[in-house]
Amino acid sequence: MTDHGHDEESHARTGPGSASKGGLSRRQVMTASAVAAGVGLASIPAQADATAGGQAVSLGVSGTTTVEFRGRVTQSGDTGQSFTSYGYLIRASNAADGGLFAGPPPTNETTALLTAYATGVLQARVTDMSVHSLDIVGTMTVYQRSQPGASFGDPSSFQVGTAVASYDMTLQDVLTVFAPGQGLPTLTGDMLQTAAGTLAGPLAGQKFGRPGAQLRFFATGLGTLTDATKPNSQLEIAGNWSIE
């Protein structure tokens, strides 16, 4: 969720995380896309749900990365105030590749079985020469598909399947504009899990996380301005989240 062409605009816009709800602090309400530097995926969950048949997917030791993902972000609205983000999980703690992708490679959105979809709204923007900062708030849902078939050409395809986890998110997007209409975003923020469901298929009996889990989000990528008059943009990202 980045503000591309920030140097050309003074309008507000939004991102796939959502603004703090009810005055909650940034660390209480959390963001949607990212990559936690210097730590690998956790192999031990912080706390598996008692009703789960195995260790909870996406949980781990505090400070470790538990989910990696790829995705896209679309910025829209007359002032670039709305964000939609969609993508798929590349890795998750306590989940083998067979639970994440169907069949042999390629391991991309077309074979992904765990997808994510987020929406967010801009809360504040500060622009200064070529580096700009956005505060964004939103929600994200993780879906488990029974069959693959997601496509970046159809954002709604990332909402297919059973919702297995929901999060509140709050995000800061720092964008470095390096050329007209192009920027390098760094997205960081917090996620608060609000719902957890039981998985099926190869992950049957396991829960996806647990309500109340607090996580740290990070993502980066490349953004391209698609309409400087709004501004609207398209962003390709990769990232992860880690347990707090």
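Residues numbered from 1 in each chain as written. Predicted model: local features only at pLDDT ≥ 70, side-chain atom pairs only at ≥ 80, totals over all residues. Heavy atoms only, no water.

**Things to note about the overall build of the protein chain**
Item 1. The number of helices and strands found in the protein chain is 1 helix and 8 strands.
Item 2. When the helices and strands of the protein chain are listed from N to C terminus, the series reads β-β-α-β-β-β-β-β-β.
Item 3. On the protein chain, roughly 9500 Å² of surface is accessible, and the fraction owed to carbon and sulfur atoms is 53%. (Helix = DSSP H or I, 4+ residues; strand = E, 2+ residues; numbered from the N terminus. Areas by Shrake-Rupley, 256 points an atom, 1.4 Å probe, with all protein chains shown as cover.)

**A word on the confidence of the model for the protein chain**
Item 1. Counting all residues, the mean pLDDT for the protein chain is 84, and 78% of those residues have values of 70 or more.
Item 2. In the predicted structure, residues 4-52 sits below a pLDDT of 50 and forms 222 contacts with residues beyond four places in sequence or in another chain. (pLDDT = per-residue confidence, 0-100. Contact = heavy atoms within 4.5 Å.)

**Some thoughts on the packing of aromatic side chains**
Item 1. Throughout the structure, instances matching the rule amount to 8 aromatic pairs.
Item 2. Judged by centre distance (6.2 Å) and plane angle (45°), the rings of Y86 and F152 are tilted. Note that Y86 is positioned in strand β2 (residues 82-92) and F152 in the loop between β4 (131-144) and β5 (162-179), a separation of 66 residues in sequence.
Item 3. Ring centres of Y88 and F101 lie 6.2 Å apart, and the angle between their planes is 75°; this geometry places the pair in the edge-to-face category. Of the two residues, Y88 is situated in strand β2 and F101 in the loop between α1 (97-100) and β3 (114-128); the sequence distance between them amounts to 13 residues. (Phe/Tyr/Trp six-rings, centres within 6.5 Å; stacked < 30°, edge-to-face > 60°.)

**Quick look at the pairing of β4**
Item 1. Of all 14 residues in β4, 11 are buried; the element is thus mostly enclosed.
Item 2. In this structure, β3 lies alongside β4, joined through 14 bridges in antiparallel fashion. Each residue of the ladder has a partner; that of D128, found in β4, is V131.
Item 3. Hairpin connection from β3 to β4: 2 residues lie between these consecutive antiparallel strands, with M129 at a positive phi of about 55°.
Item 4. For β4 and β5, the ladder comprises 14 bridges, and the chain directions are antiparallel. From the neighbouring strand, D135 faces β5, where its bridge partner is Q172. (Buried < 20%, exposed > 50% of the residue type's maximum accessible area, 1.4 Å probe, protein only. Pairing = 2+ DSSP bridges.)

**Details of a nonpolar patch on the surface**
Item 1. Where nonpolar side chains cluster on the molecular surface, the patch consists of F178, L184 and L222 and spans about 260 Å² of accessible area.
Item 2. Structurally, L184 is set in strand β6 (residues 182-196). (Patch = residues over 30% accessible without salt bridge, like charges linked within 9 Å, V, L, I, M, F, W, Y side chains within 5 Å. Salt bridge = Lys/Arg side-chain N within 4 Å of Asp/Glu carboxyl O.)

**Examining the sheet that holds β6**
Two strands in a sheet stick together by hydrogen bonds in their backbones, pointing the same way (parallel) or opposite ways (antiparallel).
Item 1. In space, the 8 strands of this closed barrel follow the order β1-β2-β3-β4-β5-β6-β7-β8, with antiparallel pairing throughout. The average undirected angle you get between the axes of adjacent strands in this sheet is 25°.
Item 2. In this sheet, β6 lies alongside β5 in antiparallel orientation, the contact comprising 14 bridges. Among the inter-strand pairings, D173 is bridged to a residue of β6, identified as L187. (Axes fitted to C-alpha atoms, helices over the stretch in contact; angles between N-to-C directions.)

**Describing the nonpolar core**
As a rule of thumb, nonpolar side chains are buried together in soluble globular proteins.
Item 1. M140, V142, Y167, M191, F208, F217 and W241 are the most contacted members of the largest nonpolar core, which has 46 residues in total.
Item 2. Within the residue set of this core, elements represented by two or more residues are β1 (65-76), β2, β3, β4, β5, β6, β7 (214-227) and β8 (232-243).
Item 3. Those residues in contact with F208 that lie beyond four places of it in its chain are V57, S58, L89, L114, V142, V164, A165, Y167, Q193, A196, G197 and L199. (Core = buried A, V, L, I, M, F, W, Y, C linked by side-chain atoms within 4.5 Å.)

**Concerning the pattern of salt bridges**
Item 1. Applying the stated criterion across every chain, the model contains 5 salt bridges.
Item 2. R70 is the partner of E236 in a salt bridge, and the nearest nitrogen-oxygen pair spans 2.5 Å. Of this pair, E236 sits in strand β8 while R70 sits in strand β1; the two residues are 166 residues apart in sequence, bridging distant segments of the chain.
Item 3. Here E236 falls in the partly exposed class, since its relative accessible area comes to 37%.
Item 4. On the basis of relative accessible area, R70 is assigned to the partly exposed category, the value being 26%.
Item 5. E236 is the salt-bridge partner of R72, the closest N and O atoms lying 3.9 Å from each other. Here R72, found in strand β1, pairs with E236, found in strand β8; they are 164 residues apart in sequence, far enough to count as distant.
Item 6. Overlapping salt bridges, with partners in common, bring together R70, R72 and E236 in one network.

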